[in-house]
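A look at the structure
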Amino acid sequence: MNVDGATREHFEVVVVGGGAAGLSAALILGRARRKTLVLDAQQPRNAPAAHAQGIFTRDGTPPLELLRIARDQLVPYGVKVSNRTATHVCPRNDGFLLTLDDQTTVQAHKILLATGMKDLLPAVPGFEALWGKAVHHCPYCHGWEVRDQAMAVYGKGTPGYLKAKLLHNWSQDLILCTDGPSGPGPTEMDHLGQLGIRVIEKPVSHLVHNGDVLQGIQFKDGSFLARQTLFLSPEQQQHSSLPAQLGCKMDPEGLQVWVDAQGQTSVPGVYAAGDMVTRAQQVMVAAASGVQAAAMLNHAFLEEGLHLKNQTRV
Ligand SMILES: Cc1cc2nc3c(=O)[nH]c(=O)nc-3n(C[C@H](O)[C@H](O)[C@H](O)COP(=O)(O)OP(=O)(O)OC[C@H]3O[C@@H](n4cnc5c(N)ncnc54)[C@H](O)[C@@H]3O)c2cc1C
């Protein structure tokens, strides 16, 4: 069965993931007249945020509005978009067979993965509720909006120190909370002191908030610190198991999918783009890497001389 319920459909490219990376890749592939399907589970990383900042010509646009425009702009090029999850993938017939969450299957000559990353927030009450509202990770995305507010950085050791140092230019009312011992080393502590950044090592109980508004941090010893906004660098994992199913090589930390200069993974015919391949995780970067991988994928088709027979060109 294919995505429309008839016999299995073949595509030159299946793009898995319809965020900034996947949709910009699909735009390039559609314009290159490649028969393309986008599969999207509709859970982009920035969905909790009201606005996407730092976007060339579209600063402050709601994230889902950006994606709506991107989908609309695929229509003239005949790119199909389906709101389904690819649950399984395996090599098949000079390409790949993808199984979707409704058990239908589609065949692709090449795959472009743009499935993104998942943020793993601390198991401290309040983080989940305030994520993307008063709890942020990226000062380039959200620092301006909360400049000069009473700010906390949540983090241990050198990563906590680096985050606090980075945020210092957005607010000088800044306190580093390490949630228990394991604060920065002595030299880093000295530097934070010079910057006027206080360090609190007391274990955190929970974040106190009223709806989306952070009121402060409640410590386990009963003390309370009034704060308006909090930044942290959450742990992450791949959003999808497809790279693992395909056996894609990972970076040395085992976090991001490794790609070559053409955006191709270690599995021939499988390309990847967006947050899943880099720690430089922003909408514009993801969109650009989607463009790059799509163009290189199209070149690979030309070099291989592969074309779907009898297909109707748009
Ligand atoms: C709270 C928050 C706010 C942010 N704000 C900003 C900002 O203001 N400005 C900025 O530049 N960046 C911002 N970012 C970063 C930005 O969200 C990412 O860089 C960007 O979304 C990456 O795009 P992507 O296409 O790689 O992945 P995503 O946007 O995460 O898209 C991946 C898509 O793939 C889908 N998917 C995953 N697995 C499957 C599967 N198996 N089958 C089908 N679909 C699948 C997902 O559902 C999702 O729709 C923010 C991030 C967060 C967490």
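Keep in mind that what you see is a predicted model, and the values were worked out from it rather than measured. (Residues numbered from 1 in each chain as written. Predicted model: local features only at pLDDT ≥ 70, side-chain atom pairs only at ≥ 80, totals over all residues. Heavy atoms only, no water.)

1. A word on the sheet that holds strand 12 (residues 204-210)
Strands pair in a sheet through their backbones, by hydrogen bonds, and they do so in one of two ways: parallel or antiparallel. Short version of the rule: DSSP calls a pair of strands paired once it identifies at least 2 bridges connecting them. The numbering of helices and of strands both runs from the N terminus, where a helix is a DSSP run of H or I of at least 4 residues and a strand a run of E of at least 2. Where helices are involved, their axes are fitted lines through C-alpha atoms of the stretch in contact, as for all axes, and angles between N-to-C directions lie from 0 to 180°.
Ordered in space as 12-13-14, the three strands form an open sheet in which the pairing is antiparallel. What marks the edges here is a single partner per strand, and that holds for strand 12 and strand 14 (224-226). For this sheet the average axis-to-axis angle between neighbouring strands, irrespective of direction, equals 25 degrees. Note that strand 12 and strand 13 (residues 213-219) share six bridges and pair antiparallel. If you follow Val 204 over to strand 13, its bridge partner there is Phe 219.

2. A closer look at the site of the ligand
Put simply, the rule reads: Consider each residue's heavy atoms; a residue with any of them within 4 Å of a molecule or strand counts as near. Side-chain atoms alone can form a polar contact between residues adjacent in sequence; in general such a contact is a pair of N or O atoms within 3.5 Å, and within protein one must be able to donate a hydrogen while the other accepts it. Note on areas: these come from Shrake-Rupley sampling with a 1.4 Å probe, and a residue is covered only by the protein chains present in the view. For this classification, Asp, Glu, Lys and Arg are treated as charged, while Ala, Val, Leu, Ile, Met, Phe, Trp, Tyr, Cys and Pro are nonpolar and the rest, including Gly, are polar.
Near the ligand, the surroundings consist of 40 residues, among which Asp 40, Gln 43, Gln 53, Asp 275 and Val 283 are the closest. Note that an oxygen atom of the ligand is positioned 3.2 Å from one of the backbone N or O atoms of Ala 20. Taking 990 Å² as the accessible area of the ligand by itself, protein coverage stands at 98%. Mapped by element, the contributors of at least two residues to the shell around the ligand are helix 1 (20-31), helix 4 (139-142) and helix 8 (283-304). Considered class by class, the residues forming the shell around the ligand number 16 nonpolar, 19 polar and five charged.

3. As for the sheet that holds strand 10 (residues 174-177)
The five strands lie next to each other as 8-15-9-10-11, forming an open sheet whose pairing is parallel. Where the open sheet ends on each side, the last strands, each with one partner, are strand 8 (135-136) and strand 11 (198-200). In this structure, strand 9 (residues 151-154) lies alongside strand 10, joined through four bridges in parallel fashion. Residue pairing in the sheet places Met 151 in a bridge with Leu 174 of strand 10.

4. Points about the pairing of strand 4 (residues 86-91)
Two elements, strand 4 and strand 5 (residues 96-100), share five bridges in a ladder whose sense is antiparallel. In the sheet register, His 88 faces strand 5, and the bridge partner there is Thr 99. Connecting strand 4 to the next strand, strand 5, in antiparallel fashion are four residues, including Asn 93 with a positive phi near 45 degrees.

5. Remarks on helix 1
For clarity, the cut-off: Multiplying one less than the number of residues by 1.5 Å gives the expected span of a helix. Throughout, a residue-residue contact means that at least one pair of heavy atoms, one from each residue, lies within 4.5 Å.
In this model helix 1 runs 17 Å from its N-terminal to its C-terminal C-alpha over 12 residues, within 8% of the 16 Å that 1.5 Å per residue would give. Each element contacted by the buried residues of helix 1 is listed here: strand 1 (9-16), strand 2 (36-39), helix 2 (63-72), strand 6 (105-113) and helix 8. One or two residues past the end of helix 1 sits Arg 33, with phi positive at roughly 65 degrees.

6. A few points about the domain arrangement of the chain
To keep it simple, the criterion reads: Either an automatic procedure or a domain database provided the assignment from which the domain bounds are taken. As a working definition, buried area equals the accessible area (1.4 Å probe) given up by two parts on being put together, with both sides summed. For this document, the term salt bridge refers to a Lys or Arg side-chain nitrogen within 4 Å of an Asp or Glu carboxyl oxygen.
Domain annotation for the chain reports domain 1 (9-119 + 235-304) and domain 2 (122-232). Contact residues are listed per partner, giving seven residues for domain 1 and nine residues for domain 2. Around 660 Å² of area is buried between domain 1 and domain 2 when both sides are counted, 51% of it from carbon and sulfur atoms. Area buried by domain 1 at its contact with domain 2 is led by Pro 48, Gln 53 and Gln 282, which between them contribute 62% of it. Linking domain 1 with domain 2 are zero salt bridges. Where domain 1 touches domain 2, the interface holds two residue pairs in polar contact (both at pLDDT 80 or more). Taken together, the residues of the side of domain 1 that touches domain 2 sort by class into two nonpolar, three polar and two charged.

7. Details of the nonpolar core
What counts is decided by this rule: The term nonpolar core refers to a set of buried residues drawn from Ala, Val, Leu, Ile, Met, Phe, Trp, Tyr and Cys, joined through side-chain atoms within 4.5 Å. Partly exposed describes any residue whose relative accessible area lies between the buried limit of under 20% and the exposed limit of over 50%, with all areas from a 1.4 Å probe on protein chains only and scaled to the type maximum.
Formed by 24 residues in total, the largest nonpolar core has its most connected members in Val 14, Val 16, Leu 98, Ile 111, Leu 113 and Leu 246. Elements that contribute at least two residues to this core include exactly strand 1, strand 2, strand 4, strand 5, strand 6, helix 7 (242-246) and strand 17 (270-272). Element by element, the count of residues in this core is highest for strand 6, at four residues. Setting aside residues no more than four positions away along its own chain, Val 16 makes contact with Leu 39, Ala 86, Leu 98, Ile 111, Leu 112, Leu 113, Ala 114, Thr 115 and Leu 242. With 21 residues, the next largest nonpolar core counts Val 15, Leu 23, Val 38 and Ala 300 among its residues.

8. Remarks on helix 8
To keep it simple, the criterion reads: The arc in question is the one traced by the directions running from the helix axis out to the C-beta atoms.
Here helix 8 spans 32 Å end to end across 22 residues, near enough to the 32 Å set by a 1.5 Å rise per residue. Along helix 8, the positions that sit buried rather than exposed are Ala 286, Ala 287, Gly 290, Ala 293, Ala 294, Leu 297, Asn 298, Ala 300 and Phe 301. All buried residues of helix 8 project into a common sector of 155 degrees when viewed along the axis, lining one side. Projecting away from the buried face of helix 8 at angles above 90 degrees are the exposed residues Leu 302 and Glu 303. For helix 8, the elements touching its buried residues are strand 1, helix 1, strand 6 and strand 17.

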